[in-house]
Amino acid sequence: MSEYSPSDYRFPIVYVESVESDEYLIPDISNNRYKITKEPAENALGKTIYEKALELAIDLENSVTTRGIAVRVPWKGDKAMYVQRNTPVYVYEVGGVQTIFYAYEGDDLKKNDVLAYVLTGKGETRTIRVDHEATVLYIAWIPGTHPPKYVAILVGEENLIILEPEQ
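Counting starts from 1 at the beginning of each chain's written sequence and moves along it residue by residue. It should be noted that, the model being predicted, local features are given only for residues of pLDDT at least 70 and side-chain atom pairs only at 80 or more, the latter also being counted only at that level, while totals for whole chains, interfaces and linings use all residues. Hydrogens and water are ignored here; the side-chain numbers use all heavy atoms of the structure.

**Q** Looking at this structure, how should I read the layout of surface pockets?
**A** The gaps left among the atoms become clear once a water-sized probe is rolled over them. Here the largest pocket is characterised by a volume of approximately 340 Å³. Forming the boundary of the largest pocket are 16 residues, of which Gly106, Asp108, Thr135, Leu160 and Ile162 lie nearest the centre. For the lining of the largest pocket, the secondary-structure elements that each account for two or more residues are strand E8 (79-83), strand E11 (108-109) and strand E14 (134-141). The space that makes up the second largest pocket amounts to roughly 260 Å³. For each structure, a 1 Å grid was placed over the protein atoms alone; sets of points admitting a 1.4 Å probe that cannot get out are labelled cavities, open sets with protein on both sides within 12 Å along at least five of seven lines are labelled pockets, and lining residues have an atom within 4 Å of a point. Lining the second largest pocket are 14 residues, with Phe11, Pro12, Tyr104, Glu105 and Ile139 sitting closest to its centre. Put simply, the parts of the chain that give the lining of the second largest pocket at least two residues each are strand E10 (98-101) and E14. Under the scheme used here, helices are H or I runs from DSSP no shorter than 4 residues and strands are E runs no shorter than 2 residues, and both carry numbers assigned from the N terminus. Residue contributions to the lining of the second largest pocket peak at 3 residues, all from E14. By the convention adopted, Pro, Cys, Tyr, Trp, Phe, Met, Ile, Leu, Val and Ala count as nonpolar, Lys, Arg, Asp and Glu as charged, and the other residues, Gly among them, as polar. The class makeup of the residues in the lining of the second largest pocket is 10 nonpolar, 1 polar and 3 charged. Grid points are joined across faces, edges and corners, and a volume is the space filled by probe spheres set on the points.

As structure tokens, this is what we get:
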């Protein structure tokens, strides 16, 4: 059995428009690229705590983004999924005694694909399927919920901008 290494713990990183930070993602939409910098710029998105992006950038009631948001996904070649403000999104609230996600950030899903499995308080397993063809942008735990609840935000391909890291 091999030892654990830092690469075993790779998590998505989220950046939100108009957030002050010590790290910024600057999207270059015309070239489908982004760069990471320590200096803020006019169109920069600031790095934030992952779960905090939900309240900063998503209007759950109206299923729309309130600010630009980018999610860097290490297991997808460090590509960033970028969505501009006022973009419609699909919101899935998932929760139970235990929740196992079958799809993760950056995964493309078709209608009726499995998003997650949930173990209910009665010991039943529920399958959560998506109603839309979309890409998983963001999955976050809703702090303070017990049993834990999560929100998965999906975006249609026509509204998603994939950015490659600058070399």
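**Q** How should the sheet that holds E10 be read in this particular structure?
**A** Hydrogen bonds along the backbone pair up the strands of a sheet, which may run parallel or antiparallel. For two strands to count as paired, DSSP must find a minimum of two bridges between them. Judged by pairing direction, the sheet is antiparallel, and its 3 strands sit side by side in the order E10-E12-E13 without closing on themselves. Strands at the two margins of the open sheet, each flanked by one partner only, are E10 and strand E13 (125-129). If you compare each strand with its neighbour and ignore which way they point, the axes differ by 20° on average. Of the pairings in the sheet, the one linking E10 to strand E12 (residues 114-119) comprises 4 bridges and is antiparallel in character. By the bridge assignment, glutamine 98 is partnered in E12 with leucine 119. Between N-to-C directions, angles span 0 to 180 degrees; the directions come from axes that are lines fitted to C-alpha atoms, helices contributing only their stretch in contact.

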